[in-house]
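# Breakdown of the fold
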Amino acid sequence: MSDVNSRISDIVSGSDVVLFMKGTPLFPQCGFSSRAVAILDHCGVAYDSVDVLQDMEIRQGIKGYSDWPTIPQLYVKGEFVGGSDIMMEMFEAGELQQMLDEQSVARA
Amino acid sequence: MPMSAGEIERLIATALPGAEIELTDLAGDDDHWAARVTAPQFAGKSRVQQHKMVYDALGGRMGGALHALQLSTAIPT
């Protein structure tokens, strides 16, 4: 496994919920990342975030890791869930909250 | 480098014949689009797979030539 892939693998397996985003939850630097943060905050789960703007290797590597071309990217229990659009569709259908409950993810 | 509505529609329609494509220019700059794609080919596919099918149709332009695409997908009812 390439260096960046093992770095990413460590990150996503190190926390229940990880959001790779542009900026930070307090200061999101892109509308899609900001929407993803709002959704997670609404779900009330604890999560770690990775600011890809501070790490170009991760910023590019994450797209190959998940075979998904854009940021943000959400991982739950090490599995890629989706980007901002998928999170929104799942949230609106109640599927995101259900999945987080089923995965017994820690509350914020 | 923005993309026109016609270009986006042509790429998606070519890869997903019969798809219904609704485009909204979010910022008036041909670079921030919202798209709703309804296609029979999505049947039985997960949301991630459906979105990947649209990204593949755009031939790797997603996140590059096409800066922002707010995407929602559906299966014809």
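Scroll up to find the structure.
Keep in mind that this is a model prediction, so the values were computed, not measured.

Criteria and thresholds
Residues numbered from 1 in each chain as written. Chains lettered and ligands numbered in written order. Predicted model: local features only at pLDDT ≥ 70, side-chain atom pairs only at ≥ 80, totals over all residues. Heavy atoms only, no water. Helix = DSSP H or I, 4+ residues; strand = E, 2+ residues; numbered from the N terminus. Rg over C-alpha atoms; globule rule 2.2 N^0.38 Å. Buried < 20%, exposed > 50% of the residue type's maximum accessible area, 1.4 Å probe, protein only. Pairing = 2+ DSSP bridges. Axes fitted to C-alpha atoms, helices over the stretch in contact; angles between N-to-C directions. Contact = heavy atoms within 4.5 Å. Salt bridge = Lys/Arg side-chain N within 4 Å of Asp/Glu carboxyl O. Left-handed = near helix turned anticlockwise from the far one by under 90°. Nonpolar A, V, L, I, M, F, W, Y, C, P; charged D, E, K, R; others polar. Phe/Tyr/Trp six-rings, centres within 6.5 Å; stacked < 30°, edge-to-face > 60°.

## Thoughts on the overall build of chain A
From N to C terminus, chain A includes five helices and four strands. Counting from the amino terminus, helix and strand elements in chain A follow one another as α-β-α-β-α-β-β-α-α. Relative to the compact-globule value of 13 Å for 108 residues, chain A shows a C-alpha radius of gyration of 13 Å, a close match. Seen through its principal axes, chain A has C-alpha atoms that stretch 35 × 25 × 20 Å. Here chain A holds 108 residues, and the buried ones make up 46% of them.

## Section: the sheet that holds strand 2 (residues 32-38) of chain B
Residue and element names in this part refer to chain B. Taken in spatial order, the three strands make up an open sheet running 1-2-3, and their pairing is mixed. Each edge of the sheet is formed by a strand with only one pairing partner; in this case those strands are strand 1 (20-25) and strand 3 (68-74). Going from strand to strand, the sheet's axes swing by 15 degrees on average, the running direction of each strand aside. In this sheet, strand 3 lies alongside strand 2 in parallel orientation, the contact comprising seven bridges.

## What to know about the pairing of strand 3 (residues 73-76) of chain A
Regular strands place side chains that alternate from one sheet face to the opposite one. Residues and elements named next belong to chain A. Both faces of strand 3 are covered, namely the face carrying Gln 73 and Tyr 75 and the face carrying Leu 74 and Val 76. Sheet analysis places strand 1 (residues 17-21) next to strand 3, joined by four bridges and oriented antiparallel. Bridge assignment links Val 17 to a residue of strand 3, and that residue is Val 76. Pairing between strand 3 and strand 4 (residues 79-82): three bridges, direction antiparallel.

## A word on the side chain of His 51 of chain B
With respect to the helices and strands, the residue His 51 of chain B is situated in helix 2 (residues 47-57). Here His 51 of chain B is in contact with Trp 68, Asp 85, Ile 86 and Glu 89 of chain A together with Leu 71, Ser 72 and Thr 73 of chain B, once residues within four sequence places are set aside.

## Some words on the pattern of salt bridges
Evaluation of the coordinates by the stated rule reveals eight salt bridges over all chains. Of the charged contacts, one joins Glu 95 of chain A and Arg 47 of chain B as a salt bridge, the two residues approaching to 2.7 Å between their closest N and O atoms. On the criterion of chain membership, the pair formed by Glu 95 of chain A in helix 5 (residues 95-102) and Arg 47 of chain B in helix 2 is interchain, its members lying in two chains. Glu 95 of chain A sits in the partly exposed class, given a relative accessible area of 33%. Look at the salt bridges and you will find they share partners, linking Arg 7, Asp 55 and Glu 57 of chain A into a network.

## Thoughts on the packing of helix 2 (residues 31-43) of chain A against helix 4 (residues 84-92) of chain A
All names here are of chain A. At a minimum axis distance of 9 Å, the contact between helix 2 and helix 4 shows a crossing angle of 35 degrees. Considering the relative orientation of helix 2 and helix 4, their crossing is left-handed. Between helix 2 and helix 4, the contacting residues are Phe 32, Arg 35, Ala 36, Ile 39, Leu 40, His 42 and Cys 43 on the first element and Ser 84, Asp 85, Met 87, Met 88 and Phe 91 on the second. Considering only residue class, the contact of helix 2 with helix 4 consists of eight nonpolar, two polar and two charged.

## So, the packing of aromatic side chains
Taken as a whole, this structure holds five aromatic pairs over all chains when the rule is applied. Plain terms: the ring middles of Trp 68 of chain A and Phe 80 of chain A are 5.5 Å apart, the flat faces sit at 50 degrees to each other, and that makes the pair tilted. Of this pair, Trp 68 of chain A sits in the loop between helix 3 (56-66) and strand 3 while Phe 80 of chain A sits in strand 4, and the two are 12 residues apart along the sequence. A residue is classified by how much of its surface remains accessible, and Trp 68 of chain A, at 1% relative accessible area, is buried. Site record: aromatic cluster; members linked through ring pairs are Phe 20, Tyr 65, Trp 68, Tyr 75 and Phe 80 of chain A together with Tyr 55 of chain B.

It is worth stressing that arrangement in space is one thing and function is another; only the former is reported here.
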